[in-house]
Amino acid sequence: MSEQTYSIDHNNHLSSKPSTGCMIGGCGALGCGLLLGLPVIGLLVVAYLFFMTPIPINWMAKAIQSDNPGIKVATISGSIMQGFTIPSVEFPDQNDPRRINILKDLKVLYPDLIKSLGSNKFEIEEISVGSARLYVNTTAESNIESGEDGAVGIWGDVNVSTSGGPDEGITVGDGESDLERFLVKKVDINNVELIDPSKGFHFTLDELKLDGIDITPDSFKMGEFRIRSSILDLTLSPIDVESREDFKTSSSLDLEARLKPNDQLKVTKPVHIDGNLELLSQDQAKGKIQAFDGKLTLSLSGTKGQGSIQVDGLNLEDYFAPDFLLPGNITWNAQLLEKEASDTSDTQTGSFTLGDALFKVRPGIPEDPNHALVADHETDGDTITLSFINKSGNKGKSTPAAFQIRSKDNPDMRQRDILAQLYYKSQFDALPQEKKDRILATLGHPMQGEEAKAK
């Protein structure tokens, strides 16, 4: 019931009319509206300033700069809701504060943060970098007792743990995932320098461009992908594959790559890689990829988990000059098979040389599933066996070596002594330090076990 007020007019009549006042402090209806509405308006203003302006981003940038005086961040534009642009970021190299890392024109844009957080979709409008100069540490960790920092063997590489299950996330085809869509419309990264002054390493990325990628549980779409750099040029043609129960499409993928001569990877001659694949589904492809001037051909049949590899007279030393030893005159004709437990190969013919020693690849599928390939060299009544480790069959295990080499007649002979005999026809201890280092770099981490046994 509304409050009534009473008054006596000049004619002595008693009259009444509804009050327009407000019980709360007698402020009136307008005052009550303001009193109730001001907090709401205040919250809306705060939300707008926080989500739709660059104020909070710049505040966080200033907080970081105050705690780290060496960091300089230019005024940021954009918002938390839809992305931001940073004109420049500078910060010192942790190894030498006189060297300054610089990022310019860093841009990350997305359509709607709140909407994305409330859905199972990841959407980015653009990721771009105008230019960058970054100081990096390219020294690899190693346990090799050669006194040479960063020596890592390509055959016996550093300890690699393959623990953990398969990659999770969105998949195409029969895989399941909570993520309904992964979409990045544009990636444009230019003029990036990676520098390690201590190693004389200088890598230049002229451009990395991706004209969009869109992945859903039923489709995979990618625009043209291009890399131009001081080490590698790579182009992948657009891809558009759909795989639903009632509808499937295939897509042709053209691949063109060139590994350039460079000191960083010890490449002495350009390595061209070209191919064309028809992507039939998520895990099925048909076509060929060739490399090393046609000396290596990888063929995919279109049937899941089946393909073949053919290598004809490939000398890796014609293309590379690394600090470790390489096999030569490689000839190999084999079927590649994907098994439930691990991938393997079924060799028809195969051989290669270590120094002047000829190794013949055992035909068929290796008896030990932990071996990808086994080859033997017969010499003076002894058999030297080289086994390449099948790392795809060691999921969840530590796989410190890529190969093992053993003497049948002298099983306690150290691997470095075997390689010294094969390549240099000498005992390891009698070799000059340069050749010792090459052998140790070839063996990598496995040498440690032998060192312990020898001592």
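Predicted model only: the values in this text are computed from it and were never measured.

Colleague: So what about the pattern of salt bridges? Which residues, and what values?
Modeller: Using the criterion set out here, one finds 15 salt bridges in the structure. Arg98 is the partner of Asp96 in a salt bridge, and the nearest nitrogen-oxygen pair spans 3.0 Å. By relative accessible area, Arg98 is classed as exposed at 72%. Counted as one network, the salt bridges with shared partners bring together Asp93, Asp96, Arg98 and Arg99.

Colleague: Could you give an account of the packing of aromatic side chains, with specific residues and numbers?
Modeller: In this description, an aromatic ring pair is defined by two values, namely the gap between the centres and the angle between the planes. One pass over the structure, following the stated rule, counts 6 aromatic pairs. Centre to centre, the rings of Phe122 and Phe182 are 5.2 Å apart; their planes meet at 5°, and the pair counts as stacked. Residue Phe122 is located in strand 7 (residues 121-124), and its partner Phe182 is located in strand 10 (residues 181-184); the two are separated by 60 residues in the primary sequence. On the basis of relative accessibility, which here comes to 39%, the residue Phe122 falls in the partly exposed class.

Colleague: Provide a residue-level description of the layout of surface pockets, including the pertinent values.
Modeller: Empty space within the largest pocket amounts to approximately 1,000 Å³. The wall of the largest pocket is formed by 32 residues, among which Ile309, Leu316, Ile330, Trp332 and Phe388 lie closest to the centre. Sorting the residues of the lining of the largest pocket by element identifies strand 23 (306-314), strand 24 (328-338), strand 25 (343-354), strand 27 (371-379) and strand 28 (382-389) as the ones contributing at least two each. For the lining of the largest pocket, the element with the most residues is strand 24, which contributes 5 residues. Here the lining of the largest pocket is built from residues that sort into 26 nonpolar, 4 polar and 2 charged.

Colleague: Any details on unusual backbone geometry? Residues and values, ideally.
Modeller: With phi around 50°, Asn191 is a residue other than glycine that occupies positive phi space. In this structure, Asn191 sits in strand 11 (residues 187-196).

Colleague: Break down the nonpolar core for me, citing the residues and quoting the values.
Modeller: With 68 residues, the main nonpolar core has Phe320, Phe352, Phe359 and Ile405 as its most contacted residues. For Phe359, the contacting residues outside a window of four places in its chain are Gly350, Ser351, Phe352, Leu354, Ala375, Asp376, His377, Ile384, Leu386, Ile405 and Leu422.

Colleague: Explain the environment of Thr331 residue by residue, including any values.
Modeller: Within the secondary structure, Thr331 is located in strand 24. A C-alpha to C-alpha distance of 6.9 Å links Thr331 and Leu314, two positions 17 residues apart in sequence. Each residue touching Thr331, except ones within four places of it in the same chain, is listed here: Val311, Gly313, Thr349, Gly350 and Ser351.

What counts, and where the lines are drawn
- Residues numbered from 1 in each chain as written.
- Predicted model: local features only at pLDDT ≥ 70, side-chain atom pairs only at ≥ 80, totals over all residues.
- Heavy atoms only, no water.
- Salt bridge = Lys/Arg side-chain N within 4 Å of Asp/Glu carboxyl O.
- Buried < 20%, exposed > 50% of the residue type's maximum accessible area, 1.4 Å probe, protein only.
- Phe/Tyr/Trp six-rings, centres within 6.5 Å; stacked < 30°, edge-to-face > 60°.
- Helix = DSSP H or I, 4+ residues; strand = E, 2+ residues; numbered from the N terminus.
- 1 Å grid on protein atoms, 1.4 Å probe; cavity = no way out; pocket = protein on both sides within 12 Å on 5 of 7 lines; lining within 4 Å.
- Points joined across faces, edges and corners; volume = space filled by probe spheres on them.
- Nonpolar A, V, L, I, M, F, W, Y, C, P; charged D, E, K, R; others polar.
- Core = buried A, V, L, I, M, F, W, Y, C linked by side-chain atoms within 4.5 Å.
- Contact = heavy atoms within 4.5 Å.

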